[in-house]
Amino acid sequence: DTEVTQTPKHLVMGMTNKKSLKCEQHMGHRAMYWYKQKAKKPPELMFVYSYEKLSINESVPSRFSPECPNSSLLNLHLHALQPEDSALYLCASSQLVGGSGNTIYFGEGSWLTVV
Amino acid sequence: DAKTTQPNSMESNEEEPVHLPCNHSTISGTDYIHWYRQLPSQGPEYVIHGLTSNVNNRMASLAIAEDRKSSTLILHRATLRDAAVYYCIPRSGAGSYQLTFGKGTKLSVIP
């Protein structure tokens with residue numbers, strides 16, 4: 001099973017709402033990632049978790065709060081977002097081995113619209 | 001991270017070969033060259049990777065220049081399903097797990 005599952009597929013939220021994006025993988029991967037992708041742009045790295053601990057935060061605003069409750073789950077908590085945060089949010093996972101043959105598997109993404 | 005240069009867009013006729021070029025002149029000696037693609041409304045997916053030798057798999061072939069400053073992804077017979085944005089990504093052989101995406105090449109396949 002080489003699948004990363006993201007829910008919800010679409011989310012519309014107001015600027016005062018609190019919502020969460022969820023991601024799950026059952027490939028035994030110990031690295032998990034959040035990427036953000038604006039329309040017609042490449043994905044941009046937001047966070048990296050290694051062994052359920054946050055290892056990279058690419059200077060992401062605190063209104064985005066990641067959480068890794070266990071080795072299979074990754075959440076992204078959203079609070080007080082701005083309309084410019086509307087984007088496709090991609091979750092991914094990989095083994096924690098040297099980057100040579102380390103394939104990263106992506107989910108289909110969650111489309112977020114902030115109104 | 002090594003910088004890459006790819007054409008913004010390319011077109012191919014269906015069932016013809018496609019050669020997608022990538023320049024990565026600042027690549028280090030230990031960086032592997034990875035290719036991913038992103039179909040419309042989907043997350044990126046792995047295509048192929050290599051270090052020095054040419055590589056083949058069921059999806060594509062990867063030709064790497066002898067000086068490693070460029071590479072070419074080869075789709076042997078383009079299908080409509082191959083229409084996607086293709087990303088060439090140099091990646092360290094150790095310690096670096098994440099992918100850093102450049103702008104990529106948008107491939108259109110004409111029936």
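Structure: above.
Just so it is clear, the structure is predicted and the values come from calculations on it, not from any experiment.

A. Quick look at the packing of aromatic side chains. Applying the stated criterion across every chain, the model contains eight aromatic pairs over all chains. Considering the side-chain rings of Y33 of chain A and Y35 of chain A, the 6.5 Å spacing of their centres and the 40 degrees angle between planes classify their relative orientation as tilted. For the pair Y33 of chain A and Y35 of chain A, one class covers both residues: buried. Ring centres 5.8 Å apart and planes at 35 degrees place the aromatic pair F64 of chain A and Y89 of chain A in the tilted group. Here the residue F64 of chain A occupies a position in strand β7 (residues 64–70), and Y89 of chain A occupies one in strand β9 (residues 87–94), the gap between them amounting to 25 residues. Considered together, F64 of chain A and Y89 of chain A belong to a single accessibility category, that of buried residues. Taken together, the ring pairs connect Y33, Y35 and F106 of chain A together with Y36, Y46, Y87 and F101 of chain B into an aromatic cluster.

B. Fine view of the interface of chain B and chain A. At the junction of the two partners, chain B supplies 22 residues and chain A supplies 24 residues. Counting the surface chain B buries against chain A, the share from its top three residues, Y97, Q98 and F101 of chain B, is 33%. In this structure, the connection of chain B to chain A is made through zero salt bridges. Our count for the chain B to chain A interface comes out at three residue pairs in polar contact (both at pLDDT 80 or more). Taken together, the elements giving at least two residues each to the side of chain B that touches chain A come down to β3 (31–38), β4 (45–50) and β8 (84–92) of chain B. Sorting elements by how many residues they give to the side of chain B that touches chain A places β3 of chain B first, with four residues. Classifying every residue of the side of chain B that touches chain A by side-chain character gives nine nonpolar, 11 polar and two charged.

C. How the structure looks around the pattern of salt bridges. All names here are of chain A. Within the structure shown, the criterion is met by six salt bridges over all chains. Between D85 and R63 there is a salt bridge whose closest N-O contact spans 2.7 Å. Taken together, the residues D85 in the loop between β8 (73–79) and β9 and R63 in the loop between β6 (53–57) and β7 connect sequence positions 22 residues apart. Using a relative accessible area of 24% as the deciding quantity, one classes R63 as partly exposed.

D. Quick look at the sheet that holds strand β2 (residues 18–23) of chain B. Residue and element names in this part refer to chain B. The antiparallel open sheet is built from four strands, whose spatial order is β2-β7-β6-β5. Sheet topology places β2 and β5 (55–56) at the edges, where each strand pairs with a single neighbour. Sheet topology note: the strand β6 (residues 61–64)/strand β7 (residues 70–75) ladder contains four bridges and is antiparallel. Each residue of the ladder has a partner; that of S61, found in β7, is I74.

E. Fine view of the pairing of strand β9 (residues 105–110) of chain B. All names here are of chain B. Side-chain alternation along β9 places T105, L107 and V109 on a buried face and K106, S108 and I110 on a face that remains uncovered. In this structure, strand β1 (residues 9–13) lies alongside β9, joined through five bridges in parallel fashion. Bridged to E11 within β9 is S108.

F. The arrangement of the nonpolar core in detail. Counting residues in hydrophobic clusters, the biggest one holds 22 residues, and the most contacted among them are W34, F64, L76 and L78 of chain A. Dropping the residues within four chain positions of it, L78 of chain A is found in contact with L11, M13, N17, K18, K19, L21, R63, F64 and L112 of chain A.

G. Summary view of unusual backbone geometry. Residue and element names in this part refer to chain A. A cis amide bond links T7 to the next residue, P8, at an omega of -10 degrees. Take P8: it is sitting in the loop between β1 (4–7) and β2 (10–13). A positive phi angle is found at E52, which is not glycine, with a value near 65 degrees. Mapping E52 onto the fold places it in the loop between β5 (44–50) and β6. Overall, the relative accessible area of 28% leaves E52 in the partly exposed class.

Criteria and cut-off values
- Residues numbered from 1 in each chain as written.
- Chains lettered and ligands numbered in written order.
- Predicted model: local features only at pLDDT ≥ 70, side-chain atom pairs only at ≥ 80, totals over all residues.
- Heavy atoms only, no water.
- Phe/Tyr/Trp six-rings, centres within 6.5 Å; stacked < 30°, edge-to-face > 60°.
- Buried < 20%, exposed > 50% of the residue type's maximum accessible area, 1.4 Å probe, protein only.
- Helix = DSSP H or I, 4+ residues; strand = E, 2+ residues; numbered from the N terminus.
- Contact = heavy atoms within 4.5 Å.
- Buried area = accessible area lost by both parts, 1.4 Å probe.
- Salt bridge = Lys/Arg side-chain N within 4 Å of Asp/Glu carboxyl O.
- Polar contact = N/O pair within 3.5 Å; in protein donor to acceptor, adjacent residues only side chain to side chain.
- Nonpolar A, V, L, I, M, F, W, Y, C, P; charged D, E, K, R; others polar.
- Pairing = 2+ DSSP bridges.
- Core = buried A, V, L, I, M, F, W, Y, C linked by side-chain atoms within 4.5 Å.

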